[in-house]
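Structural overview
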Amino acid sequence: MMPEASQPQRRRHVTRSLLFAAGGLFLTAAALAVVQPSAPPEPVFQARQTLDLPPLGAQAGHDAAPYIAATRIRRGDTVADLLNRLGVNEDGLLTFLTHDERARSIYKLYPGRTVQAALDDQGRMVWLRYAHTPGATGKSGIESSWLEVRPAADGGFSAQERTIAAARETRIAEGEITSSLFGAADQAQVPDAITMEMVDILGSRIDFLKDLRKGDRFRIVYDAYMHDGEEVGTGHIRALEFINHGKTYSAVWFQNGQEPGGYYDFSGASLKGAFLRTAIKFTRISSGFGMRMHPIHKQWIGHKGVDYAAPAGTPIHATADGTVEFIGQQNGYGNVIVLKNFGKYSTLYAHQSRFAKGLKKGDRVQQGQLIGYVGSTGWATGPHLHYEFRIDKRPVDPLSVDLPVARTLEAADRKAFQAVVARYQPQIELMARLQDSRIQVAQQ
């Protein structure tokens, strides 16, 4: 990001006599600065070259690169403030920007967004650009859009909206957990979206609610999208390694041909477990499976599921692929969804405030799909999700049961998969060595 620019300096015309005089003064000052009083005198060599100076008043070539000024929008800024900081002073430009329909996107100034101006050697505007949408999902992936204003041949101005696909770059990052996963990710400058994706990828292997420990480490290779030297969006994780309780979990994205892609560990086993451990991200268990004193009925009764405390409106996701067997109100469950997953397995999600828009009985849902939102309907003293895991319609403890595992890669895909692993594994190993070196230095 370029610093904010001041007004372009006016060109100074220098005569030959002044130039040579200034050069002599410079040589004298330099000699006084570097000569040591106690050192013997040394020969001084002076190189001279005769230069032909342009005639006084000569103009630079019209194809010279323009000077680019840039500034970020501050809260409370007006268009006039931006033009002033950029050093743009064009008759009629402010009126055009604030009244012409073609420039309507600059009517809304978003703090933190960038405005740039290109100025020629006379200080005249070549173009003005307002990056109002630095990163958004479009037809070609992550795109950047901006308003571009240029002087017109009739003495006025023209305005046009432009869009270009952002350039994808590969990033690597590593971190160590000292207090929380998000704290470690922030310190490693990992975007929140990538941190959440890491939880999604390894959710069938690690319980991120209760299994994280101080000293756990992660290494990630992920995509970032850039435009004009700035990060405007994040892509997806390409590969990662997570050390939890001393055990290493790995993941790499693999897609062969037109088949749906997915994440696999470095041995080729799919990381999309048949079931996720939890239906809510980053919450806490408020009541476990088994006998408990019922908070409403005030008597000991068997609790057939696990309660996850979370703010009202927290998204609820399906823990496995399945079909909506029931959706509606049901006694103490309040607003509840029952999914028929596969074989002898089914899952129940109770006390919801509302369901995902358009979801109905008989619909197919995929693992991780939004199905509803946390609430306190039915027999509930506060907002939480009551989650049941059933085998042959009999509730079992979802935190202790051995969940079904997913398939491994077919033999025909192995060669292509190993090529993908070989592409990212050296980067993971490099980060591991950096982490080990840092820990060794800290222990000295």
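On a predicted model such as this, the values are computed, not experimentally measured, just so you know.

The next subject is the overall build of the protein chain. Tallying secondary structure elements over the protein chain gives 6 helices and 22 strands in all. Expressed as a percentage of the 444 residues in the protein chain, the buried residues total 40%. Considering only intrachain contacts with a sequence separation of at least 6, the fraction spanning at least 24 residues in the protein chain is 61%. When the accessible surface of the protein chain is split by element, carbon and sulfur atoms take 52% of a total near 26100 Å².

A separate point is a nonpolar patch on the surface. A cluster of nonpolar side chains, contributed by Ile172, Leu430 and Leu434, occupies part of the molecular surface with about 250 Å² of accessible area. As for its position among the elements, isoleucine 172 is in strand β6 (residues 167–176).

One key point about sheets: their strands pair by backbone hydrogen bonds, in either a parallel or an antiparallel sense. The strand order across the open sheet formed by 5 strands is β6-β7-β8-β9-β10, and the pairing between neighbours is antiparallel. For this open sheet the edge positions go to β6 and β10 (262–264), each flanked by a neighbour on one side alone. Here the average twist between neighbouring strands, direction ignored, is 30°. Relative to strand β7 (residues 217–227), β6 runs antiparallel, the two sharing 10 bridges. Across the sheet, the residue bridging to glutamate 176 is arginine 217, located in β7. Set on the sheet, helix α5 (residues 192–202) makes contact with β7, β8 (230–244), β9 (247–254) and β10; between it and β8 the angle comes to about 35°. Here helix α6 (residues 414–443) sits on the sheet and contacts β6, β7, β8, β9 and β10; the angle it forms with β7, its principal contact strand, is near 110°.

A few words on the side chain of aspartate 363. Along the polypeptide, aspartate 363 turns up in the loop between β18 (345–355) and β19 (364–365). Aspartate 363 gets classed as buried once you look at its relative accessible area, which sits at 18%. Looking at aspartate 363, its side chain comes within polar contact range of the main-chain nitrogen of lysine 360, at 3.0 Å. Ignoring anything within four residues of it in the chain, the contact list for aspartate 363 reads Gly322, Thr323, Val324 and Gly358.

What follows covers helix α2 (residues 79–86). Looking at α2, one finds that the buried residues are Val79, Leu82, Leu83, Arg85 and Leu86. Angularly, the buried residues of α2 cover 165° about the axis, an arc narrow enough to put them on a single face. Directly after α2, the chain includes glycine 87, whose backbone phi takes a positive value near 75°.

Counted by the stated rule, this structure contains 16 salt bridges. Close ionic contact of glutamate 231 with arginine 171 constitutes a salt bridge, the shortest N to O distance being 2.9 Å. Taken together, the residues glutamate 231 in strand β8 and arginine 171 in strand β6 connect sequence positions 60 residues apart. Close ionic contact of aspartate 436 with arginine 217 constitutes a salt bridge, the shortest N to O distance being 3.0 Å. Here arginine 217 lies in strand β7 and aspartate 436 lies in helix α6, a separation of 219 residues in the sequence. One salt-bridge network, in which partners are shared between bridges, spans Arg129, Glu148, Arg150 and Arg162.

Along the polypeptide, glutamine 116 turns up in strand β2 (residues 114–119). Setting aside anything within four residues of it in sequence, one finds glutamine 116 in contact with Ala69, Ala70, Leu86, Trp127, Leu128, Arg129 and Asp228.

Let us look at the sheet that holds strand β1 (residues 67–72). Spatial strand order, β1-β2-β3-β4-β5: 5 strands in an open sheet with antiparallel pairing. If you trace the sheet from one side to the other, it starts and ends with β1 and β5 (157–165), each paired once. Strand after strand, the sheet turns through a mean of 20° between neighbouring axes, direction not considered. Where β1 lies against β2, 6 bridges are found, and the strand directions are antiparallel. The residue bridging tyrosine 67 from the neighbouring strand is leucine 119, located in β2. Relative to the sheet, α2 contacts β1, β2 and β3 (125–138), its axis offset from that of β1 by approximately 140°.

Another point: unusual backbone geometry. In this structure, histidine 245 takes a positive phi of about 60° despite not being glycine. Residue placement: histidine 245 occurs in the loop between β8 and β9. Here histidine 245 falls in the partly exposed class, since its relative accessible area comes to 48%. With phi around 55°, aspartate 392 is a residue other than glycine that occupies positive phi space. Locating aspartate 392 in the fold gives a position in the loop between β21 (384–391) and β22 (394–396). Look at aspartate 392 and you get exposed, because its relative accessible area is 57%.

Cut-offs and rules
- Numbers given for residues are sequential positions, taken from 1 along each chain in its written order.
- In keeping with the predicted nature of the model, local features appear solely for residues at pLDDT of at least 70, side-chain atom pairs appear and are counted solely at 80 or more, and the whole-chain, interface and lining totals rest on all residues.
- Only heavy atoms go into the side-chain values, all of them from the structure, while hydrogens and water stay out.
- The numbering of helices and of strands both runs from the N terminus, where a helix is a DSSP run of H or I of at least 4 residues and a strand a run of E of at least 2.
- Only protein chains enter the calculation, and the probe is 1.4 Å; a residue is then buried if its accessible area is under 20% of its type maximum, exposed if over 50%, and partly exposed in between.
- When checking whether two residues touch, look at their non-hydrogen atoms; a contact exists if any pair is within 4.5 Å.
- Accessible surface is estimated by sampling points in the Shrake-Rupley manner with a 1.4 Å probe; for residues, cover comes only from the protein chains shown.
- Candidate patch residues must exceed 30% relative accessible area and have no salt bridge, after which like charges are joined if within 9 Å and Val, Leu, Ile, Met, Phe, Trp or Tyr side chains if within 5 Å.
- Throughout this description, the term salt bridge denotes a Lys or Arg side-chain nitrogen within 4 Å of a carboxyl oxygen of Asp or Glu.
- Strand pairing requires that DSSP identify at least two bridges connecting the strands.
- Under this scheme, a helix contributes an axis fitted over its contacting stretch, all axes are lines through C-alpha atoms, and angles between N-to-C directions fall in the 0 to 180 degree range.
- Polar contact criterion, stated in full: a pair of N or O atoms within 3.5 Å, where within protein one must be able to donate a hydrogen and the other to accept it, and residues adjacent in sequence count only if both atoms are side-chain atoms.
- As used here, the arc is the angular range of directions from the helix axis to the C-beta atoms.

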